[in-house]
Amino acid sequence: MTAMLPRVERLAHSDFTRDLDASVDELRSLLDLAADVKRFPERYRTALSGKSLALLFEKPSLRTRITFELAIQQLGGFAVLNDGPIGAREPLKDMARNLDRWVSGIVARTFRQQTVDDLALWSSVPVINALSDMWHPCQALADMQTIREHFGNTRGLKLAFVGDGNNVAGSLMLNATRLGMDFAIATPPAYALPSDVVALAESGIEVTTDPAVAVRGAHVVYTDVWTSMGDEHEAAVRRTAFEAYQVNDQLLSQAAPEAIFMHCLPAHRGEEVTDSVMESSRSVVFEEAENRLHAQKALLLMLLSRDNPNQ
Ligand code: CP
Ligand code: NVA
């Protein structure tokens, strides 16, 4: 017997190029749906039947690429992959209007946020940001799902990010504050979150250069690589600048007693995090990685499911 596909609320916005493309209510619905998809995957296995999505990757990926491909397949759709620079062999606006004729959606990992925005501008199908220099919204969805699962709720918790004020930090700040969490970030002075990103937070955040201050009372301690993709030429300088920003047992012991450790991965043990923290019972990094699959299924459903008039 074929299971009835549950009714899925659609996003008002036709793309997901940044975290703020979903309202706070939509974010909550998406996380509820992600939990249902995780629990009852078979209910959704025909939701994208007959639909193809193009996965465009300008940068390497393990988690994002594999979880999107699997998510699309497990929802009954088909993923087509294309690696390489976007807008180099032919203008982006031509590429976008080619893809438009073949696929029902585009998932893009790009060097510049402008590239994702331009794909959304020039194509009529939903465009999903699979990481840009500015944001990593799909990662933050999986992270919020992981925090909800672990603590039962997000409200009243404190998330401390230690390290580079990068794409992952920006998306986390937005999602955490939108879900009622306190957010603190400790970075070296030259690597702070840009002020226009901080201005988008739902509530005031704690900005410091002292990791111990940020993690005080934190329920979640989060870090990411010191050198993001595209910044490799700065790696040596960054290793020095971030030396005092390693998440190790000593730093983690200053967080709340029930604190968990999170990292989007890939992790560089011995740099932003120690092997001991990665392997500790506080570490939920593989739960986060698993939830990429479920959270992205929920996102695909809310952008592309059958009753969505965008499709
Ligand atoms: N966390 C994450 O986005 O991993 P990948 O770069 O492997 O996709
Ligand atoms: N900040 C990292 C995240 C990788 C998933 C990067 O952009 O390379």
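Basis of the calculations
Residues numbered from 1 in each chain as written. Chains lettered and ligands numbered in written order. Predicted model: local features only at pLDDT ≥ 70, side-chain atom pairs only at ≥ 80, totals over all residues. Heavy atoms only, no water. Near = heavy atom within 4 Å. Polar contact = N/O pair within 3.5 Å; in protein donor to acceptor, adjacent residues only side chain to side chain. Areas by Shrake-Rupley, 256 points an atom, 1.4 Å probe, with all protein chains shown as cover. Nonpolar A, V, L, I, M, F, W, Y, C, P; charged D, E, K, R; others polar. Helix = DSSP H or I, 4+ residues; strand = E, 2+ residues; numbered from the N terminus. Buried < 20%, exposed > 50% of the residue type's maximum accessible area, 1.4 Å probe, protein only. Contact = heavy atoms within 4.5 Å. Pairing = 2+ DSSP bridges. Axes fitted to C-alpha atoms, helices over the stretch in contact; angles between N-to-C directions. Salt bridge = Lys/Arg side-chain N within 4 Å of Asp/Glu carboxyl O.

Enquirer: So what about the site of ligand 2? Which residues, and what values?
Expert: The immediate surroundings of ligand 2 are formed by L131, N166, N167, V168, D224, V225, S228, M229 and L265. The contact in question runs from a nitrogen atom of ligand 2 to an N or O atom on the side chain of N166, over 3.3 Å. In this structure, M229 approaches ligand 2 through a main-chain N or O atom, which is 2.8 Å from an oxygen atom. Within the complex, the protein chains bury 94% of what would otherwise be the 270 Å² of accessible surface of ligand 2. For the shell around ligand 2, a count of residues per class yields five nonpolar, three polar and one charged.

Enquirer: So what about the environment of L265? Which residues, and what values?
Expert: Summarising the element assignment, L265 is placed in the loop between β9 (260-263) and α11 (275-278). The exposure class assigned to L265 is buried, which follows from its relative accessible area of 11%. Counting along the chain gives 203 residues from L265 to L62, while the straight-line C-alpha distance between them is 9.4 Å. Not counting residues up to four positions away in its chain, the partners in contact with L265 are R63, M278, V285 and F286.

Enquirer: With reference to specific residues and values, describe the site of ligand 1.
Expert: In the neighbourhood of ligand 1, the contacting residues comprise S61, L62, R63, T64, R109, H136, Q139, C264, L265 and R292. Within the side chain of S61, an N or O atom sits 2.6 Å from an oxygen atom of ligand 1. Between ligand 1 and R63, the relevant distance is 2.8 Å, taken from an oxygen atom to a side-chain nitrogen or oxygen of the residue. Protein burial of ligand 1: of its 260 Å² of free accessible surface, 96% is covered by the chains. Of the residues in the shell around ligand 1, the class split is three nonpolar, four polar and three charged.

Enquirer: So what's going on with the sheet that holds strand β1 (residues 52-57)? Residues and values would help.
Expert: The sheet built from four strands is open, its strands ordered β2-β1-β3-β4 with parallel pairing. Either end of the sheet is taken by a strand with one partner, and the two such strands are β2 (78-83) and β4 (127-129). Going across the sheet, the axis of each strand differs from the next one's by a mean of 20°, ignoring polarity. Contacts from helix α4 (residues 113-122) reach β1, β3 (105-109) and β4, with the element oriented near 165° to β4.

Enquirer: Residue-level account of the environment of A241, with values.
Expert: The topology assignment puts A241 in helix α9 (residues 235-241). The sequence separation of A241 and W226 amounts to 15 residues, and the corresponding C-alpha distance is 9.1 Å. The contacts of A241, once residues within four sequence positions are left out, are P188 and Y191.

Enquirer: Please give an account of the pattern of salt bridges that cites residues and values.
Expert: Scanning the model with the defined rule gives 13 salt bridges in all. In this structure, D32 and R148 form a salt bridge, with 2.8 Å as the shortest nitrogen-oxygen distance. With D32 in helix α1 (residues 24-39) and R148 in helix α5 (residues 137-151), this residue pair connects regions lying 116 residues apart in the sequence. In this structure, the salt-bridge partner of R269 is E279, at a minimum N-O distance of 2.6 Å. Of this pair, R269 sits in the loop between β9 and α11 while E279 sits in the loop between α11 and α12 (285-304), placing them 10 residues apart in sequence. By sharing partners, the salt bridges in this structure join D164, D231, E234 and R238 into a single network.

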